[in-house]
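# Structural characterization, general
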Amino acid sequence: MKQHANALNNCNNKINLLDLNPKDLYYFLNSLGQKTFFVKQMMNWIYKNKCDDFNKMFNISIKTREKLNKQSYIFANKFIEEKMSSDGTIKWITSLNNQKIETVYIPEKNRSTLCVSSQIGCPLKCNFCATGQQGFNRNLKVSEIISQVWQANKILKEKKIKKSITNIVFMGMGEPLLNLNNVVSAIKIMLDENGFYLSKRRITLSTSGIVPALNQLRNMIDVCLAISLHASNDKIRNLIMPINKRYNIQLILNSALKYLKYSKSNRGGITFEYVMLHGINDSNENAVELAFLLKKIPSKINLIPWNPFLNSNFSSSNINRINIFANILKRKGFTTVIRKNRGNDINAACGQLTGKITNRIKKL
Ligand code: SAH
Ligand code: SF4
């Protein structure tokens, strides 16, 4: 027992290399006496070869491997459950000290998107969102965010699914801007040519608009921004997103505009997400008001049919209403897309993520 406790302790003092962004990895390896090119070599082993055992890194000297083993380890959290939708969407569950997070793979014709979580639950309590209703446990570590991509890529390869991940969206559980440093570090690994090497135009951070963090973001990283607006005025937004009482629509739009000026990834404009809630935000007047609100901001509007979850009082606008709403926006010159629901037969659609799996579970 004592031995076991010591081993745990030992492990706790070691660094998981998946927690380090490329710069931090450089500093760490440098402290072990390694030169710059070694970072590339190490990242290649970790991210290209998915190798989590220093002893298998044959082109690294035994002495260096010993040093690495003494101070660090590589650990990607495993998916413990998997559920596949009839439309090809796959939902994976990771268990973190008995708390669960979800990751969703969405294959499409010309791309494959991985929807990742950034927190266990979410503290913001938007009342149309299952994650928000579930409560909040903690922020995810860099390694816990990165593990989702690491494991998804690995499993897709094992399943011989040719469509490897081309896009990543922070639209899983949690509010990414409340976990700013870890999310930014994870994005740096996703972008790095020795990491997952994705284009910044293919990584989207979706936020409910945490203004101070959004202001900081423009000095930290350039990615595609999606703002969860969901209302055409503060009165409605206050009702469905309590965080609006702290950061209202105008504050968010001003901050988003500043980000847009700096960003090269958002050349086509910022994406605004608008969940269509029957009788709440879906009238013709709301559409006109929304168009007026966004008229000075280069933007794309994503209309999202609301996805139901247990014990919720909302209902989605019907498709006729959504089409009429979309047409008003289109006539006003906005690029408007009605988002397809993917994976809602397995509760993998937006806002249905609670970390619970009810049926058709496959243990991994
Ligand atoms: N916290 C971030 C990202 C995670 S939520 C955010 O709010 O942007 C991802 C998207 O799903 C957000 O636009 C969110 O508002 C939306 N969403 C939440 N619950 C939903 C539901 N039940 N149906 C449809 N979309 C939902
Ligand atoms: Fe959190 Fe986003 Fe859900 Fe709101 S919509 S509760 S911010 S995850």
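A brief structural summary. (Residues numbered from 1 in each chain as written. Chains lettered and ligands numbered in written order. Predicted model: local features only at pLDDT ≥ 70, side-chain atom pairs only at ≥ 80, totals over all residues. Heavy atoms only, no water.)

## Section: the packing of aromatic side chains
Under the counting rule described, the total for this entry stands at 9 aromatic pairs. Seen from their ring centres, W45 and F58 are 5.3 Å apart, and the 90 degrees between their planes marks the pair as edge-to-face. Here F58 lies in the loop between helix 3 (36-48) and helix 4 (62-71) and W45 lies in helix 3, a separation of 13 residues in the sequence. With a centroid separation of 5.7 Å and 65 degrees between ring planes, the pair formed by Y259 and Y262 is classed as edge-to-face. With Y259 and Y262 both in helix 10 (residues 249-262) and 3 residues apart, the pair spans about one turn of that helix. Residue class for Y259 comes out buried when judged on its relative accessible area of 0%. Ring-pair connections join several aromatic residues into one group, and the members of that group are F79, W92 and Y105. (Phe/Tyr/Trp six-rings, centres within 6.5 Å; stacked < 30°, edge-to-face > 60°. Helix = DSSP H or I, 4+ residues; strand = E, 2+ residues; numbered from the N terminus. Buried < 20%, exposed > 50% of the residue type's maximum accessible area, 1.4 Å probe, protein only.)

## As for the pattern of salt bridges
By the definition in use, this model includes 6 salt bridges. Residues E102 and K91 are paired through a salt bridge, measuring 3.6 Å at the closest nitrogen-oxygen approach. Taken together, the positions of E102 in strand 5 (residues 99-107) and K91 in strand 4 (residues 90-96) put the pair 11 residues apart, joining distant regions of the chain. The pair E102 / K91 is uniform in exposure class, with both members buried. One salt bridge in this structure joins E144 and R138, with 2.9 Å as the shortest N-O distance. Since its relative accessible area comes to 23%, R138 is described here as partly exposed. (Salt bridge = Lys/Arg side-chain N within 4 Å of Asp/Glu carboxyl O.)

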